[in-house]
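# Descriptive analysis of the structure
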Amino acid sequence: MRTYRTICTAALSLMLTLLPGSTAAAEDCGTQVWRMTIKEVDIRNGGDSGGGDLYGDLVFDGQYLWSKDRSDAAFVPDGPLAIDTANQWKLWDEKLFPTTGGRNVFVVKADLWDYDSLTLDDRVAVDTYNVDPLGVGEGTHTLDYCYGSACSEGRTVITYVLEQVGECACSAGPQLGRPGGPTAHGPTRTAPPA
Ligand SMILES: [Ca+2]
Ligand SMILES: [Ca+2]
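An account of the accompanying structure is given in this report. (Residues numbered from 1 in each chain as written. Chains lettered and ligands numbered in written order. Predicted model: local features only at pLDDT ≥ 70, side-chain atom pairs only at ≥ 80, totals over all residues. Heavy atoms only, no water.)

By definition, a disulfide links the sulfur atoms of two cysteines through a covalent bond. Per the stated rule, a full pass over the model turns up 1 disulfide. Covalent S-S linkage joins Cys146 and Cys151, the inter-sulfur distance amounting to 2.0 Å. Residues Cys146 and Cys151 are joined through a disulfide that is left-handed, its torsion about the S-S bond being -105 degrees. The class for Cys151 is buried, based on a relative accessible area of 14%. (Disulfide = S-S within 2.5 Å. Buried < 20%, exposed > 50% of the residue type's maximum accessible area, 1.4 Å probe, protein only.)

With 32 residues, the main nonpolar core has Met36, Ile38, Leu58, Leu81, Val108 and Tyr145 as its most contacted residues. Looking at this core, the elements with two or more residues in it are strand 1 (31–45), strand 2 (51–60), strand 3 (63–68), strand 7 (106–114), strand 8 (122–131), helix 2 (133–136), strand 9 (139–147) and strand 10 (154–168). Here Tyr145 is in contact with Val108, Ala110, Val124, Ala125, Val126, Asp127, Tyr129, Gly154, Arg155, Thr156 and Ile158, once residues within four sequence places are set aside. (Core = buried A, V, L, I, M, F, W, Y, C linked by side-chain atoms within 4.5 Å. Helix = DSSP H or I, 4+ residues; strand = E, 2+ residues; numbered from the N terminus. Contact = heavy atoms within 4.5 Å.)

The next thing to look at is the coordination of the calcium ion (ligand 1). Note on the calcium ion (ligand 1): its protein donors are Gly47 (O), Asp48 (OD), Asp114 (OD), Asp116 (OD), Asp116 (OD) and Asp122 (OD). The metal-donor distances range over 2.3 to 2.7 Å. As a motif over one chain, the donors of the calcium ion (ligand 1) read G-D-x65-D-x1-D-x5-D. (Donors = N, O, S within 2.8 Å, 3.2 Å for Na, K, Ca; no water.)

Take it as geometry only, folks, not as evidence of what the structure does.
Here it is in structure tokens:
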């Protein structure tokens, strides 16, 4: 694991401007740098037989990985969703995560649907996941979107990798690690569909 000591001061200052409730940098030392990379967006049931007429948005930390208006819905076969190869940089992000108070998350916002002319459109991936690397930990993980009995309406599995790529240690004391820090838990959803 590399250390980011040279950027800690500036990075922490930036972090403190972004985190609500933060106080002085000296009180918030102990920050880890994490990278999240989207490895695959696997459409396992696009809403029709063998695929679906997909439209909607897939957004990772504010970057659009895929987007199409409902009026432009076109058949996409089941399998890995093609992300614009010119925009592979959108597939990863690095952020600072304080280990002593305050929280930060990576956000995967999916709003993918299958257009159907005669019935209600099918949900293919319609949820926002907040990924907390301090709770989930390093390695390969998945976000599973499943709708209907046995995912008969639609299903998508997003595979991602979390890596801790640096740590800003506290220079004033032995505060590495996260005693009293956040408790471990998995990704959380917000705004589930009706
Ligand atoms: Ca359908
Ligand atoms: Ca359809």
